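# Descriptive analysis of the structure
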Amino acid sequence: MAKKEADALAYLDADKAVEHKDKGNALFKGGDFPAALKEYDEGLRRDPANISIYSNRCLAFLKLMEPVRALKDAEKCLELDPKFIRAYSRKGDAHILAKEYHKALESFEKGLAIDPEDADCKK
């Protein structure tokens, strides 16, 4: 068990996580969402506290029409940083995709309470 924990700690590397995030972003821009997800997953294995990777993976799940998984990533972003506005807008988008409009409105309103000028929450 100690060896397993040591191996897990040795695997963590924030720089490699950013590399995987960048690769995932390039794949995302090219429209290859499943491949982008794989890169984001690897980035999160390298740095499980990276909010931007969770946010990007959330958007990839939205593009793949998977609102439940997108919602989990948006909630993880908010768990790590409750003032991360982009997470509120993506959480609202996930609720819209799941046809939970009252929850979407609530998410957008929470985002606007933090930043009244946020364009994503306004639309």
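To start, this report covers the structure provided alongside it. (Residues numbered from 1 in each chain as written. Predicted model: local features only at pLDDT ≥ 70, side-chain atom pairs only at ≥ 80, totals over all residues. Heavy atoms only, no water.)

## Some thoughts on the pattern of salt bridges
- One pass over the structure, following the stated rule, counts nine salt bridges.
- Here Arg46 makes a salt bridge to Glu42, at a shortest N to O gap of 3.5 Å. In this pair, Arg46 and Glu42 both sit in helix α3 (residues 33-46), four residues apart, roughly one turn of the helix.
- Because the salt bridges share partners, they merge into one network encompassing Asp41, Arg57 and Asp73. (Salt bridge = Lys/Arg side-chain N within 4 Å of Asp/Glu carboxyl O. Helix = DSSP H or I, 4+ residues; strand = E, 2+ residues; numbered from the N terminus.)

## As for the side chain of Ser107
- Along the chain, the position of Ser107 falls in helix α7 (residues 101-114).
- For Ser107, a relative accessible area of 4% gives the class buried.
- Look past the residues within four positions of Ser107 in its chain and what remains in contact with it is Tyr88, Lys91, Gly92 and His95. (Buried < 20%, exposed > 50% of the residue type's maximum accessible area, 1.4 Å probe, protein only. Contact = heavy atoms within 4.5 Å.)

## What to know about the environment of Leu44
- By the element assignment, Leu44 lies in helix α3.
- Considered as a pair, Leu44 and Ala17 are 27 residues apart in the sequence and their alpha carbons are 6.7 Å apart.
- Apart from the residues lying within four places of it in its own chain, the contact partners of Leu44 are Asn50, Ile53, Tyr54 and Arg57.

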